Each structure stands twice: as structure tokens, then as C-alpha cells.
Amino acid sequence: MLLLAADIGATKTNLALISSDASPREPLCEQTLPSGDYRDLAGLVLDFMAYSHTRLGSRVAPDRACFGVPGPVIAGSVEITNLPWVLAEDDLARDLHVEQVTLLNDLAATAYAIPFLTPEELHQIKPGEPEPCGTIAVLAPGTGLGEAFLTCDGGHYQPHGSEGGHTDFSPTDIEQIGLLEYLLERFDHASYERVCSGIGLPHIYGYLRQTGKYEEPPELAAALQTAEDPSPTITECAMRRPDPAPICVAALEMFTDLLAAEAANLALKVFATGGVYLGGGIPPRILPYLESTVFSESFADKGRMSELLGRIPVHVILNPKAALLGAACYGLNAAHP
């Protein structure tokens with residue numbers, strides 16, 4: 001059986017052709033394509049198949065497809081977040097000439113990959129005592145904030161997607177109350193995605209700048225004005241050694257505090273005694289902040305539940321293609337090791 005697996009993102013899509021006779025980590029062909037350059041997913045897939053024919057020297061046709069998609073999958077269809085695509089499993093199976101198409105929430109795909117990840121693909125930022133077969137929580141701050149979880153059934157994990165990143169942002173101190181007021185002046189709804197993501201970090205920075213407590217270096221102001229995405233600039237200035245910009249340090253510390261609080265919220269809601277895992281593009285780039293006491297103290301700061309949270313380990317996923325691996329394993333019906 002030949003599987004077409006993909007992790008679809010607003011910016012790029014990772015694709016792979018995988019044989020059921022081989023490991024999901026050993027695709028026959030793999031490619032990354034810019035999602036925004038295509039009117040629909042079918043056109044993108046056809047370009048990948050043409051590329052695979054060239055690379056493999058022969059025409060191959062997948063039997064099945066499994067796509068990790070950003071958005072809620074309902075009755076086999078999804079409206080892609082931040083892309084003008086509406087996908088349906090039956091329509092895709094017809095257009096792509098495959099027997100079966102499975103749409104899987106992208107964070108559910110990332111979650112499904114976790115038991116398959118090697119120790120080298122994980123970085124522990126908080127120790128703990130995970131329960132065997134305990135529920136696992138997954139948060140992924142990237143462009144947006146994705147959330148999912150895994151439940152154990154008969155020794156095997158099943159992924160569950162969610163739209164938890166869009167729940168109401170709840171401040172926990174005076175400074176965060178100020179941030180909430182700042183957001184409500186600009187948006188109809190203040191969600192955790194507004195503060196715990198690539199689109200959220202500039203909001204934190206803008207709020208701190210507005211308070212007047214921090215000086216904004218002129219060269220930083222100029223760089224942010226011209227940046228298409230200000231988040232990398234803020235992060236780089238906060239991580240810069242030996243002279244990080246204090247306003248960027250404060251922004252990243254608040255980001256870390258908020259991410260820890262929301263990670264703990266999810267852990268409590270799904271009773272994640274199996275651990276919490278941070279995916280997405282941001283956590284691997286800010287490991288020194290996540291390893292700080294800011295994260296661990298905020299994560300455990302839940303009153304009577306502090307002792308429970310203290311026993312839950314937290315890891316950062318270092319594999320940038322975890323969602324593609326998860327989609328491949330799910331599509332192949334691979335059993336967890």
C-alpha cells in the first residue's frame with residue numbers, strides 16, 4: 001500500500017509518499033511546497049506527484065492519503081484556517097484518484113506522532129513522573145496556537161484535535177489585566193491565540209511599549225516597521241547576547257508566563273498525567289526562556305492543583321516535521337511502539 005501523507009500549513013505544506021513496507025521515517029519521496037501559491041490542495045498535490053515521478057523515475061499512484069489540516073474536521077470536511085480552501089474527504093478522493101482520504105486536525109497529527117518520537121527529538125524543560133498510558137496534552141505555538149490531546153485505549157493512543165487556542169484569555173495578575181484591556185480595545189474577542197503564538201507576541205510587545213516602562217531602541221523600531229512578521233525580530237532581540245533589548249526580554253518573559261499558564265490549563269482539563277508536549281515553531285527557538293523558573297513556576301501556579309501539576313513533565317518537540325510523521329503513522333494505521 002502506498003500512502004500520500006501531508007502536513008498542510010498556511011505558509012507551507014510538507015508532503016511525502018510512503019510505502020507500507022517501509023518505515024514512515026523513510027519516504028520514497030518528500031517535498032515542501034508554498035501553500036499560498038495554489039488555488040486548492042488538488043493542484044498542490046498534483047505538482048508533488050509530478051515531482052515524485054521525476055525523482056523516482058516512474059509514475060506511482062497512492063492508494064490512500066492522510067492530510068494533517070489546520071482547522072476543525074467535522075464530518076470529513078474542514079475549512080482551512082488562513083487559507084481559502086474548503087476540503088472534503090470524498091471530493092479529494094475523487095479529484096486525486098485515491099481509494100480513501102483521511103483529514104486529521106494538524107495538532108491531532110502532531111499528537112499522534114509523540115509516542116513515535118525518539119529521545120533526540122524531545123527536550124525536557126520540566127521533569128516529572130508520567131503515568132503509563134496517561135493522557136497526553138499537546139500545545140503548539142506557531143503562527144497560531146494549536147491544542148490537542150491523546151487518550152490511551154488498550155495500550156494504544158488515540159489523537160483528539162481541538163480548537164482550545166481560541167478559548168478566552170484569562171489574565172492572572174495586574175500586568176496581564178492590562179494586556180487584556182489592550183487587546184479588547186483592538187479585537188472583539190481576546191483568546192489565548194492572541195497572546196501565545198506568532199501573531200500574539202507582537203501584541204504583548206505593543207502593550208509593553210504602550211505602558212512606557214520600556215525604551216524602544218530606534219533601530220528596533222525601524223526593523224519592526226519594515227518586518228512582514230515582527231515575531232522573529234522580537235525573539236531575536238530577546239535572545240541576543242550579550243545585549244538583549246529589555247523590552248523584548250520582557251515580552252518573551254510574559255509570553256513564556258502565559259504559555260505555561262495555558263499549558264497547565266489544558267493539562268488540568270484533560271488530566272494529562274502522561275505529560276505535556278510543546279510543538280510548533282516557537283518553543284525550540286526560545287528554550288532558555290522555557291527552561292527558566294518563569295515557566296515552571298507559572299505552570300504549577302494553580303492553587304490546590306499545584307502538587308498534581310508538579311508531577312507532570314513538560315517536553316519540547318524538536319522534530320519540525322512531527323505533524324507529517326503523525327499523519328503518515330495514522331494513515332498507515334501504525335501501532336505505537
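Note: the structure precedes this text.
So, here's what we can say about the structure. (Residues numbered from 1 in each chain as written. Predicted model: local features only at pLDDT ≥ 70, side-chain atom pairs only at ≥ 80, totals over all residues. Heavy atoms only, no water.)

## Quick word on the sheet that holds strand β13 (residues 314–317)
Adjacent strands of a sheet form backbone hydrogen bonds with each other and so pair up, either parallel or antiparallel.
Logical step 1: Strands sit in the order β8-β13-β12-β9-β10-β11 across an open sheet of 6 strands; the sheet is mixed. Edge positions in the sheet fall to β8 (122–126) and β11 (156–161), since each of these pairs with one other strand and no more. Adjacent strand axes in the sheet meet at a mean angle of 25 degrees when their direction is disregarded.
Logical step 2: Examined bridge by bridge, strand β9 (residues 136–141) and strand β12 (residues 275–278) share 4 bridges and lie parallel to one another. Each bridged residue has a counterpart across the sheet, and for L139 the counterpart in β12 is L278. (Pairing = 2+ DSSP bridges. Helix = DSSP H or I, 4+ residues; strand = E, 2+ residues; numbered from the N terminus. Axes fitted to C-alpha atoms, helices over the stretch in contact; angles between N-to-C directions.)

## Looking at the layout of surface pockets
Logical step 1: The space that makes up the largest pocket amounts to roughly 1500 Å³.
Logical step 2: Only β1 (2–8), β2 (12–19), α3 (106–113), β10 (145–153), α7 (230–239) and α12 (322–331) provide two or more residues apiece to the lining of the largest pocket.
Logical step 3: Of the residues belonging to the lining of the largest pocket, the class tally is 17 nonpolar, 22 polar and 10 charged.
Logical step 4: Size it by volume and the second largest pocket reaches roughly 220 Å³. (1 Å grid on protein atoms, 1.4 Å probe; cavity = no way out; pocket = protein on both sides within 12 Å on 5 of 7 lines; lining within 4 Å. Points joined across faces, edges and corners; volume = space filled by probe spheres on them. Nonpolar A, V, L, I, M, F, W, Y, C, P; charged D, E, K, R; others polar.)

## Here's the deal with empty space enclosed by the protein
Logical step 1: Under the definition given, this model contains 1 cavity of 30 Å³ or more.
Logical step 2: As a volume, the largest cavity reaches approximately 50 Å³.
Logical step 3: Residue lining of the largest cavity: L201, S231, P232, T235, L252, F255, I282 and R285, and that is the complete set.
Logical step 4: Elements that contribute at least two residues to the lining of the largest cavity include exactly α7 and α8 (246–270).
Logical step 5: Among the elements that take part in the lining of the largest cavity, α7 stands out by supplying 3 residues, more than any other.

## Here we look at the state of the cysteines
Logical step 1: Per the counting criterion, the structure on display carries 1 disulfide.
Logical step 2: The cysteine C237 is free of any disulfide, with C248 supplying the nearest cysteine sulfur at 4.5 Å. (Disulfide = S-S within 2.5 Å.)

## Thoughts on the nonpolar core
Logical step 1: Counting residues in hydrophobic clusters, the biggest one holds 54 residues, and the most contacted among them are L179, V195, I204, C248, V276, L278 and F299.
Logical step 2: Residues contacting C248, with those up to four places away along its chain left out, are Y205, L220, I234, C237 and A238.
Logical step 3: Grouped together as the second largest cluster of nonpolar side chains are 29 residues, M49, A65, L83 and L96 included. (Core = buried A, V, L, I, M, F, W, Y, C linked by side-chain atoms within 4.5 Å. Buried < 20%, exposed > 50% of the residue type's maximum accessible area, 1.4 Å probe, protein only. Contact = heavy atoms within 4.5 Å.)

## Brief notes about unusual backbone geometry
Logical step 1: The linkage connecting R241 with the following residue, P242, adopts the cis geometry, with an omega of 10 degrees.
Logical step 2: You will see that A75, though not glycine, has its phi angle at about 55 degrees, which is positive.
Logical step 3: The topology assignment puts A75 in the loop between β4 (64–69) and β5 (77–79).
Logical step 4: In this structure, F271 is a non-glycine residue whose phi angle is positive, near 55 degrees.

## Remarks on the packing of aromatic side chains
Logical step 1: Tallied over the entire structure, the rule returns 5 aromatic pairs.
Logical step 2: Ring plane angle 80 degrees and centroid distance 5.6 Å describe the contact between F169 and Y192, whose orientation is recorded as edge-to-face. Here the residue F169 occupies a position in the loop between β11 and α4 (174–184), and Y192 occupies one in the loop between α4 and α5 (201–211), the gap between them amounting to 23 residues. In this structure, F169 and Y192 share a single accessibility class: buried.
Logical step 3: Look at F295 and F299: their rings are 6.1 Å apart centre to centre, the planes differ by 15 degrees, and that puts the pair in the stacked class. Residue F295 and its partner F299 are both found in helix α10 (residues 293–300); the two are separated by 4 residues, about one turn of the helix.
Logical step 4: Under the relative-accessibility criterion, F295 is labelled buried at 0%. (Phe/Tyr/Trp six-rings, centres within 6.5 Å; stacked < 30°, edge-to-face > 60°.)

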